[in-house]
Amino acid sequence: MPYGKQDHHHQPQRATTPEEAEEEKELMGIRKTPSQSRTSILYNFSSDYILREQYRDPSIVGVRFGKLLEDLDALAGTISFKHCSDEDSTTRPLLLVTASVDKMVLRKPLRVDADLRIAGAVTWVGRSSIEIQLEVTQPSQDSSRASEDVALTANFTFVARDSKTNKSAPVNRVLPESEQEKMLWEEAEARDKTRKRKRGEKKIDIENGEDKRLKALLAEGRIFCDMPALANRDSILLKDTCLEYSLICQPQQRNIHGRIFGGFLMHRAFELAYSTAYAFAGLVPCFLEVDHVDFLRPVDVGDFLRFKSCVLYTELDNPLQPLINIEVVAHVTRPELRTSEVSNTFHFTFSVRNPETLKNGSSIRSVVPATEEEARRILERMDADKS
């Protein structure tokens, strides 16, 4: 019998169940253009004193980057909901959660005395995943130029789950129209293939060359442990750079699904990383980039969350821009069950705001591991940064 027609008895058509509506939606393949999800936020820093004070960092002229990370995640979530909406009351609402964030590199310092804009749209979708690209722009200080410069580009990946079964759920297709939108789609498709390939790769044993690097790192660390009086004064053990921060997750930090949203975690991780770099260098840090972030497990209201940070390694080849690589690991700890699980691992890179100070006797040390596990983490991070 053709779809939508009744037989000669004129039997009433059965109402569509939510499950059938979901299946029909997937078969129909609702398509939306990037322009349908495009959203922007303007921060009127130049005219709004209260807003300016909320986002001002300790330098007085800069923007609190941790707070901006929180806003980026919130806007990406809003855009993903706009894309997934079909305005059909029979469709069960989707759970949309942050799955990962690609590396973000700050191309220029952000100022709190000039208006700032965040804008973005969906650029690519898989069956149940959505990539949103956001751009942070701010007018140039050069008065002869009227255009806004891109200060940062961020790619967020969200995944959709069925609100009832918690299984992966299909999302609307995306239909790029302009040449720019098609190019962004192709770039996102390539990134998705790279992520899948990396997930499928098995961990390869350390080869002879890597083994030598491991032993060289550990050799200096053993001098610190066994003969501290003879250790290099320009180096420091990794464990002596650590800081820690704990909190109980509150209802005010949850998203519409009742979970702690990813932007809050990134904000707190950034603040701890900044403090770690400050205490390590003895100079005001200057943020450069945050590496790719995977959200491994959800964090719920009431969870006991612990952030542990350390300086993994430093690069001191360029005296005008020494690099400090900070690792922050977020653990969901359940004392009553005696368990602790990693929720996220963050990697931030900082330099120092006034490198000329280093010429006046200040110095930034090298970091050395005391254990094989620490040495492996350092090498993995170095190789990841080079690639």
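Details of the structure are given in the entry above.
This section reports on the structure supplied with the text.

### Comments concerning the packing of aromatic side chains
For any pair of aromatic rings, the description consists of the separation of the ring centres together with the inter-plane angle of the planes.
And then number 1: Enumeration over the complete set of coordinates arrives at 15 aromatic pairs.
And then number 2: Taking the centre distance of 5.7 Å and the plane angle of 50° together, the rings of phenylalanine 45 and tyrosine 55 count as tilted. Pair noted here: phenylalanine 45 is in the loop between β2 (39–43) and α3 (49–55) and tyrosine 55 is in helix α3, with a separation of 10 residues, a long-range link. Taken as a pair, phenylalanine 45 and tyrosine 55 share a single burial class, namely buried.
And then number 3: Ring geometry for phenylalanine 65 against phenylalanine 270: centres 5.5 Å apart, planes inclined by 55°, an arrangement best described as tilted. Taken together, the residues phenylalanine 65 in helix α4 (residues 65–84) and phenylalanine 270 in helix α7 (residues 262–281) connect sequence positions 205 residues apart.
And then number 4: Three or more aromatic residues link up through ring pairs in this structure, and these residues are Phe65, Phe270, Tyr274, Tyr278, Phe287, Phe346, Phe348 and Phe350.
And then number 5: Above the ring of tyrosine 55, the side-chain terminus of lysine 67 is found at 5.0 Å from the ring centroid.

### Examining the sheet that holds strand β7 (residues 148–162)
And then number 1: Read from one edge of the open sheet, six strands run β2-β5-β6-β7-β3-β12, paired in antiparallel fashion. Single-partner strands in this sheet number two, and they are β2 and β12 (293–294).
And then number 2: As judged from the five bridges shared by β2 and strand β5 (residues 116–125), these two strands associate in the antiparallel manner. Looking at the pairing, serine 40 lines up with alanine 119 of β5.
And then number 3: Contacting β2, β3 (94–101), β5, β6 (129–139) and β7, α4 crosses the sheet at an angle of about 130° to β6.

### A look at the sheet that holds strand β15 (residues 339–352)
And then number 1: The strand order β4-β11-β15-β14-β13-β10 describes an open sheet built from six strands, whose pairing is antiparallel. A strand with exactly one partner marks an edge of an open sheet, and here the two such strands are β4 (104–105) and β10 (243–248).
And then number 2: Pairing geometry for strand β11 (residues 285–290) and β15, over five bridges, is antiparallel. The residue of β15 that forms the bridge with cysteine 286 is serine 351.
And then number 3: Where helix α8 (residues 372–386) meets the sheet, it contacts β13 (304–315), β14 (323–334) and β15, and its direction lies at approximately 70° from that of β13.

### Looking at unusual backbone geometry
And then number 1: Non-glycine residue isoleucine 60 carries a positive phi angle of around 80°.
And then number 2: Along the polypeptide, isoleucine 60 turns up in the loop between α3 and α4.
And then number 3: Here asparagine 166, not a glycine, exhibits a phi torsion of approximately 65°, which is positive.
And then number 4: Residue classification places asparagine 166 among the partly exposed positions, given a relative accessible area of 43%.

### Section: the side chain of arginine 297
And then number 1: Counting through the fold element by element, arginine 297 comes out in the loop between β12 and β13.
And then number 2: A residue is classified by how much of its surface remains accessible, and arginine 297, at 18% relative accessible area, is buried.
And then number 3: A polar atom in the side chain of arginine 297 sits 3.5 Å from the side chain of glutamate 341.
And then number 4: For arginine 297, the contacting residues outside a window of four places in its chain are Asp303, Val332, Arg334, Glu341, Val342 and Ser343.

Cut-offs and rules
- Residues numbered from 1 in each chain as written.
- Predicted model: local features only at pLDDT ≥ 70, side-chain atom pairs only at ≥ 80, totals over all residues.
- Heavy atoms only, no water.
- Phe/Tyr/Trp six-rings, centres within 6.5 Å; stacked < 30°, edge-to-face > 60°.
- Helix = DSSP H or I, 4+ residues; strand = E, 2+ residues; numbered from the N terminus.
- Buried < 20%, exposed > 50% of the residue type's maximum accessible area, 1.4 Å probe, protein only.
- Lys NZ or Arg CZ within 6 Å of the ring centre and 35° of its normal.
- Pairing = 2+ DSSP bridges.
- Contact = heavy atoms within 4.5 Å.
- Axes fitted to C-alpha atoms, helices over the stretch in contact; angles between N-to-C directions.
- Polar contact = N/O pair within 3.5 Å; in protein donor to acceptor, adjacent residues only side chain to side chain.

Shape descriptors only; they carry no functional weight alone.
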